[in-house]
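Chain residues, written in single-letter form:
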Amino acid sequence: LESSLLTQPWASVCFGESAFLAKACFRDTGYILLISDLSSVWYESADAEAVGQRSKELNKRLTVHVSSFLHHLCKLMCPLLAGQPDATTSFSCHHTAGGLSLHVKSELSGLPFYWDFHCCPAPVEMVSCHLVRPLIRMSLALQYQVQELTSLLLQKDAEIEDYRESGAALSRDRLRTEPFQEETFQQNFMAESLPQICSAGEGQAFASALRQLYAAVTQQEAKQARKRQHSETAGHPHPLPPSQEDETASSSEGTMVSAALETASLYQWQDGACTSLPSSHPNPPSSSPAQKPRLPAAKAKPKKAKGLFS
């Protein structure tokens, strides 16, 4: 659930007059919800047993399986996170002592349906994982994107200037543009666009394009984490069992062994790595003159008797 929640983008939701950022993940085994007002971050993680117990307390007239209950909760929350809340479902929240409570009221099988999310303050590690690190990576990605677009604009200006010097002219004068000046653009952005962005409100923190960028950044982070875990696991090979070491040692002490086993007896496993034996190893195969291969003696060919017709 936690790894699946990481790749879920934040969504802007409103409860009354308050704007929040929220993300959630539902499975048959439970759910996890993360919500923030950019001043505090709260979360709740509930397994199937906790969901079943709470459903009995809030919905005594409903007798459904826990997985169906979780599926219905997912159907209620997904439209809200997608910006299309269901008119038949109402959400409200209020701050509790050290937490946040989210109330849901809807219908299930023609009967009233109630649910409460009891959220507690999120730990620092969760806030860093879901907000701080992804936002830093998103800002770096956007900075590289601006640099590439700036370079592309300068190339386009050089191309247009070359056309003008060759005698080309615009068929519609309204399409004429001034050469791009990066410093002037930055000054105008800081003076005009930035105040409008900052006054848009906290609920507009993640637009649709930024949600896609957030999902892409967190997917790359999860992929790199899996690669690091795989490399750490592959970096510690398992040594040979003691029984195999004994068999290898006993086979290397015998005489008249094949050349492959003679070569293999020069190595042993030490601390999980294969290292060559020192020169003091008893009876190394290469130092025994008796074991050197000998060429077979050539057989004398029988001489033919010379006769009259030889």
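Along each chain, numbering runs from 1 in the same order as the chain's sequence is written. The predicted nature of this model means local features are confined to residues of pLDDT at least 70 and side-chain atom pairs, given and counted, to a pLDDT of 80 or more, with totals for whole chains, interfaces and linings taken over all residues. Think of the side-chain values as coming from all heavy atoms in the structure, minus any hydrogens and water.

- An unreviewed UniProt entry annotates the protein chain as Non-homologous end-joining factor 1 of Aptenodytes forsteri.
- Here the protein chain is described in UniProt, under the heading Subcellular location (unreviewed entry), as follows: "Nucleus".
- Under the heading Sequence similarities (unreviewed entry), UniProt records this for the protein chain: "Belongs to the XRCC4-XLF family. XLF subfamily." UniProt positions are given in the numbering used here, feature names are shortened, and annotations may be inferred rather than shown by experiment.

### Considering the packing of aromatic side chains
Then, number 1: For Phe, Tyr and Trp, rings pair up if their centres lie within 6.5 Å, where Trp contributes its six-membered ring, and each pair is then called stacked (planes under 30 degrees apart), edge-to-face (over 60) or tilted (otherwise). In total, this model carries nine aromatic pairs according to the counting rule given.
Then, number 2: Seen in terms of ring centroids, phenylalanine 69 and phenylalanine 113 are 5.0 Å apart; in terms of plane orientation they differ by 50 degrees. Their pairing is tilted. With a gap of 44 residues between them, phenylalanine 69 in helix α3 (residues 66-81) and phenylalanine 113 in strand β7 (residues 111-121) connect regions that are remote in the sequence. Per residue, the accessibility class of phenylalanine 69 equals that of phenylalanine 113, and both read buried.
Then, number 3: Plain terms: the ring middles of tryptophan 115 and phenylalanine 117 are 6.3 Å apart, the flat faces sit at 75 degrees to each other, and that makes the pair edge-to-face. The two residues tryptophan 115 and phenylalanine 117 agree in class, both being buried.
Then, number 4: Among the aromatic side chains, those forming a connected cluster through ring pairs are Phe26, Tyr31, Phe69, Phe113, Trp115 and Phe117. Numbering of helices and strands runs from the N terminus, with a helix taken as a DSSP run of H or I at least four residues long and a strand as a DSSP run of E at least two residues long. Partly exposed residues are those whose accessible area sits between 20% and 50% of the maximum for their type, while under 20% is buried and over 50% is exposed, using a 1.4 Å probe and protein chains only.

### Quick word on the packing of helix α4 (residues 124-165) against helix α6 (residues 208-234)
Then, number 1: To get an axis, fit a line to the C-alpha atoms, keeping to the stretch in contact for a helix; angles then go from 0 to 180 degrees between the N-to-C directions. Contact geometry of α4 with α6 gives a least axis separation of 9 Å together with a crossing angle of 110 degrees. Taken together, the axis directions place α4 and α6 in an arrangement best described as roughly perpendicular. Together, His130, Arg133, Pro134, Arg137, Met138, Ala141 and Leu142 of α4 and Leu210, Leu213, Tyr214, Val217, Thr218, Glu221 and Gln224 of α6 make up the contact between the two elements.
Then, number 2: For this scheme, ten residues count as nonpolar: Ala, Val, Leu, Ile, Met, Phe, Trp, Tyr, Cys and Pro. Four count as charged, namely Asp, Glu, Lys and Arg, and the remainder, Gly too, count as polar. Looking at the contact of α4 with α6 residue by residue, the classes come out as eight nonpolar, three polar and three charged. Under this scheme an angle from 65 to 115 degrees is roughly perpendicular, one under 35 degrees roughly parallel, and one over 145 degrees roughly antiparallel; angles in between are oblique. By definition, residues are in contact when any of their heavy atoms lie within 4.5 Å.

### Quick notes on the confidence of the model for the protein chain
Then, number 1: Each residue carries a pLDDT value, the predictor's own confidence for that position, ranging from 0 to 100. Per-residue confidence for the protein chain gives a mean pLDDT of 77; residues scoring 70 or more make up 73%.
Then, number 2: Residue range residues 238-299 is modelled with pLDDT below 50. Its contacts to residues more than four positions away, or to other chains, number 27 contacts.
Then, number 3: Across residues 304-310 the pLDDT falls below 50, and counting only partners more than four positions away or on other chains, this stretch makes one contact in the model.

### A short note on the side chain of histidine 130
Then, number 1: Tracing the sequence through the fold places histidine 130 in helix α4.
Then, number 2: By relative accessible area, which is 5% here, histidine 130 ends up buried.
Then, number 3: With sequence-adjacent residues up to four places away left out, histidine 130 is seen in contact with Glu2, Leu5, Leu6, Trp10, Lys23, Leu34 and Tyr214.

### Some remarks on the layout of surface pockets
Then, number 1: Only protein atoms enter the 1 Å grid used here. Points where a 1.4 Å probe fits but cannot escape make up a cavity, open sets with protein on both sides within 12 Å along at least five of seven lines make up a pocket, and a residue lines them when an atom lies within 4 Å of a point. Grid points are joined across faces, edges and corners, and a volume is the space filled by probe spheres set on the points. Quantified by volume, the second largest pocket comes out at close to 240 Å³.
Then, number 2: Put simply, the parts of the chain that give the lining of the second largest pocket at least two residues each are α4 and α5 (182-198).
Then, number 3: The residue inventory of the lining of the second largest pocket, partitioned by class, reads seven nonpolar, three polar and one charged.

### A short note on the packing of helix α2 (residues 48-58) against α3
Then, number 1: Interaxial distance between α2 and α3 falls to 10 Å at its minimum, and their mutual angle equals 85 degrees. The angle between α2 and α3 falls in the class roughly perpendicular. Mapping the contact onto sequence places Ala48, Val51, Gly52 and Ser55 in α2 and Val66, Phe69 and Leu70 in α3.
Then, number 2: Here the residues of the contact of α2 with α3 sort into five nonpolar, two polar and no charged.

### Description of the sheet that holds strand β1 (residues 11-15)
Then, number 1: Strand pairing is defined by DSSP finding a minimum of two bridges between the two strands. Taken in spatial order, the seven strands of this open sheet run β1-β2-β3-β4-β7-β6-β5, and their pairing is antiparallel. The open sheet has two edge strands, β1 and β5 (90-96), and neither has a second partner. Taken pair by pair, the neighbouring strands of this sheet meet at an average axis angle of 30 degrees, ignoring direction.
Then, number 2: Relative to strand β2 (residues 18-27), β1 runs antiparallel, the two sharing five bridges. Its bridge partner being in β2, phenylalanine 15 is matched across the sheet by serine 18.

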